[in-house]
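# Chain and residue survey
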There are 2 protein chains.
Amino acid sequence: MTATDDRIGRPNRRLLPPLPSQAERVAELLREAVIDGDHPPGGRLSEERLCEELGVSRNTLREAFRLLVRERLVVHQMHRGVFVTLPTAEDVRDLFAARRSLELPAVQRAADPAPEALEAVGRAVEEGGAARDTGDWWGVGTANMHFHQALAGLSGSARIDEFMSRILAETRLVFHVMDAPREFHAPYLDWNRRIHTLLVSGDRTAAASELETYLDTSEEQLITAFLAREAPGPA
Amino acid sequence: MTATDDRIGRPNRRLLPPLPSQAERVAELLREAVIDGDHPPGGRLSEERLCEELGVSRNTLREAFRLLVRERLVVHQMHRGVFVTLPTAEDVRDLFAARRSLELPAVQRAADPAPEALEAVGRAVEEGGAARDTGDWWGVGTANMHFHQALAGLSGSARIDEFMSRILAETRLVFHVMDAPREFHAPYLDWNRRIHTLLVSGDRTAAASELETYLDTSEEQLITAFLAREAPGPA
DNA sequence: GATTGAAGTATTGTTCAACAATCCAACGAG
DNA sequence: CTCGTTGGATTGTTGAACAATACTTCAATC
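Residues numbered from 1 in each chain as written. Chains lettered and ligands numbered in written order. Predicted model: local features only at pLDDT ≥ 70, side-chain atom pairs only at ≥ 80, totals over all residues. Heavy atoms only, no water.

## A word on the overall build of chain A
The condition that has to hold: Think of it this way: any DSSP run of H or I at least four residues long counts as a helix, any run of E at least two long counts as a strand, and we number them from the N terminus. By the convention used here, residues are in contact when the closest approach between their heavy atoms is within 4.5 Å. In these tables, accessible area is a Shrake-Rupley quantity obtained with a 1.4 Å probe, and a residue counts as shielded only by the protein chains included in the view.
When its secondary structure is counted, chain A shows nine helices and three strands. Along chain A, from the amino end to the carboxyl end, the secondary structure elements read α-β-α-α-β-β-α-α-α-α-α-α. Within chain A, counting contacts between residues at least 6 apart in sequence, those at least 24 apart form 73% of the total. Summed over its atoms, the accessible surface of chain A is roughly 11,400 Å², and 53% of this surface lies on carbon and sulfur atoms.

Below is the structure:
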C-alpha cells in the first residue's frame, strides 16, 4: 500500500502497446493452432506435453488454458484436462442464431455507413477472389471470415467486433469436424460480392435480405453435413 | 497417452454440473464483489492481500484474474497488477452501441415470441416493481438488468445471452463511478412495463421504438453525468 | 524551487517441486 | 458377463524461490 497509490492512471492509457504476458502469448499460439486445425476437435491438450513443447511452466500454460476456455475454443473437464471443442449440431444452430443477430441488424441499420468499415468489407471480397485464384482454399475460408467480421463491424462497437471474432473462430472449428473445407466456400464468394455491391449502392434492405438467405443456406448445409456425420458413426 | 483415449466423450456431456474449480469459484466471488461495488472502480486488487483474504495460492488467484480480465471487469497492466475497470465515456458509448445491436433486433424480429423468454421479461418487470416498493434501489437496478437480459434472450442464442450478461455487468460498473445509483433507475420502471405490454400485445415494432428511445435517453443521461464528472476533477 | 538521476523497496512474472485428488484402464472375483 | 478393487497416470493446488519491473525516496544539479 505504500509503493503505489492504488489507483489506475487516468491519462496515458493505451499509449504504447502493453507487451503481452507469457500466458497471453501462449494462448495466442494455441488459439491459432486450434483454429488452423493443428489439434483435432475433441483431442486432448496434455499439460505435460505442451509445457515441454512450448517451454513454459504448467502454471503459465494453465493460465492460457483459462483464456481459451472462456473463448469456447477448448472445454475443461475437472481432473480430465482440456479438450479442443467438438461442436455439436446444436452449437451450429446457436452460432448461426448469434450471427443473424449480429450481422443482419448491422447491415440493415447502418445509419451512417462508416466509410472505413465499408471499405473493410470490400477488402475482404478482394481477398477472397485473390485466394481463389491462387487455389488457396483455406485462404478463401479466411477471407470469408473477414467478410462477415467486416459486416458485423458496421455496428461500430468494439465489443461487438470482439464477440463476432469469437463466434467466427468457433465457426471455423465447425469446418474442421467436416472433412470438406476445400471448395466449400467457393460458391459463397460471389454471394459476398453481391452483398457488398448492394451495400455500396446504399440498398441496405436488399443486402440484408441477401445475407439472410446466405445464412439460412449455409446453416442448413452445415447441419445436413453434421447429422450425416453423426448418424452412421465412423468408428 | 495410455490412461485415456485422448478423445472427449461424445454422449454424457452436461449431465451433472461440472463442479467448479477453485479458480472459477474465486473468479465468481471477485466478480460479484466488483459488480456490487465492494472494490471501487480504478482500485487495485493486490495479489498478496487477496491471497490471504480468500485463502488461495497466488497461482490460483492469478488464474481467476485472467477470467475477469477477459470479461473486462478488471484490467491487467504488466508488473503493475490488476485494477477494477474504470469505464470511460467512450466505453459507455460502446456499451450502448452493443446493446442497441443486441436488444433492438431481438425485440423487433422475435418471429416466434418464445413463450418462456417472454415470460422472463414479465418476471423482471414484476421484480422491479417489488424492489421499488421495498425501497431497495440497488434491487431496482438489478431488476432492470434482468429486464434487458430477458430482452436479449428473445434472440434465442445462448451465446448472445452470455455476451449480453457481460455487457450488463460492465454497465453496472458504470453506475458505480457515478455516485447516484439511488433513484436513477426509478423512471425506467414504467418504461420497462410499457415495453413489456407492447410485446405481449404483439406490437413488436412499437416495442422496439420505445426501447430505442429508452436507450437513447439512458445513454445521454449517463454520458452527461460522465462528462460533468470528468471535467471538474474531484481531486 | 523544479527537474533530473540514482538507489532501495515493494509488487508482480514465472518457474519449480511437491503432494492431494481424481480419473482411467486393467485385473480378478463372483 | 458384471462388478469392485487396485495401480498408474494426469490434473488440482499449494508454497517457495528468484527474476523483472515499477514506484518511492532522496540527493544532486540547474
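## Description of the packing of aromatic side chains
Defined as follows: The aromatic pairing rule takes the rings of Phe, Tyr and Trp, using the six-membered ring of Trp, and pairs them if the centres are within 6.5 Å, calling planes under 30 degrees apart stacked, those over 60 edge-to-face and the rest tilted. Burial classification: accessible surface area is computed with a 1.4 Å probe over protein chains only, and a residue below 20% of its type maximum counts as buried, one above 50% as exposed, and the rest as partly exposed.
The tally for this structure, following the rule as stated, stands at seven aromatic pairs over all chains. Ring centres of A:F163 and B:F163 lie 4.1 Å apart, and the angle between their planes is 5 degrees; this geometry places the pair in the stacked category. Here A:F163, found in helix 7 (residues 158-177), pairs with B:F163, found in helix 7 (residues 158-177), and the two come from separate chains. Like A:F163, the residue B:F163 is buried in the burial classification.

## Concerning the interface of chain B and chain A
Here is the rule we go by: Two parts placed together each lose some accessible area under a 1.4 Å probe, and adding up what both lose gives the buried area. A carboxyl oxygen of Asp or Glu within 4 Å of a side-chain nitrogen of Lys or Arg is what we treat as a salt bridge. Think of a polar contact as two N or O atoms within 3.5 Å of one another; within protein, one of them needs to be a possible hydrogen donor and the other a possible acceptor, and neighboring residues in sequence only count if both atoms come from side chains. Under the scheme applied, nonpolar residues are Ala, Val, Leu, Ile, Met, Phe, Trp, Tyr, Cys and Pro; charged residues are Asp, Glu, Lys and Arg; polar residues are all the others, including Gly.
Every contact between the two is made by 58 residues of chain B and, on the other side, 58 residues of chain A. Both faces combined, the contact of chain B with chain A buries some 5,300 Å², and carbon together with sulfur accounts for 46% of it. At the boundary of chain B with chain A, the tally comes to 17 salt bridges. We note a salt bridge from A:E63 to B:R66, for which the minimum N-O separation is 2.5 Å. Summed over the shared surface of chain B and chain A, the result is 22 residue pairs in polar contact (both at pLDDT 80 or more). The set of elements that each furnish at least two residues to the side of chain B that touches chain A consists of helix 1 (22-35), helix 3 (58-70), strand 2 (74-77), helix 4 (89-108), helix 7 and helix 9 (204-230) of chain B. Among the elements that make up the side of chain B that touches chain A, the one with the highest residue count is helix 4 of chain B (10 residues). When grouped by side-chain class, the residues that make up the side of chain B that touches chain A number 22 nonpolar, 12 polar and 24 charged.

## Details of the relation of the copies chain B and chain A
Each of the two chain copies can be generated from the other by rotation about an axis followed by a shift along it. Note the threshold: Least squares is the method for superposing the copies, and the C-alpha atoms it fits come from residues with pLDDT of at least 70 in both.
Expressed as a screw operation, the relation of chain B to chain A combines 0.0 Å of axial shift with a rotation of 180 degrees, fitting to an RMSD of 0.0 Å. Given the turn and translation reported, the copies of this chain are related as if by a two-fold rotation axis. Among all residues of chain B, the one whose C-alpha sits closest to the rotation axis is B:E63, at a distance of 2.6 Å. When the interface residues of chain B are mapped onto chain A, 100% of them again lie at the interface, so the same face is used by both copies.

## Here's the deal with empty space enclosed by the protein
The condition is simple: We place a 1 Å grid over just the protein atoms. Points where a 1.4 Å probe fits but has no way out form a cavity, open points with protein on both sides within 12 Å along at least 5 of 7 lines form a pocket, and any residue with an atom within 4 Å of a point lines it. Grid points are joined across faces, edges and corners, and a volume is the space filled by probe spheres set on the points.
One pass over the full model with this rule turns up four cavities of 30 Å³ or more. Here the largest cavity is characterised by a volume of approximately 240 Å³. Lining the largest cavity are 18 residues, and of these A:E162, A:F163, A:R166, B:F163 and B:R166 sit closest to its centre.

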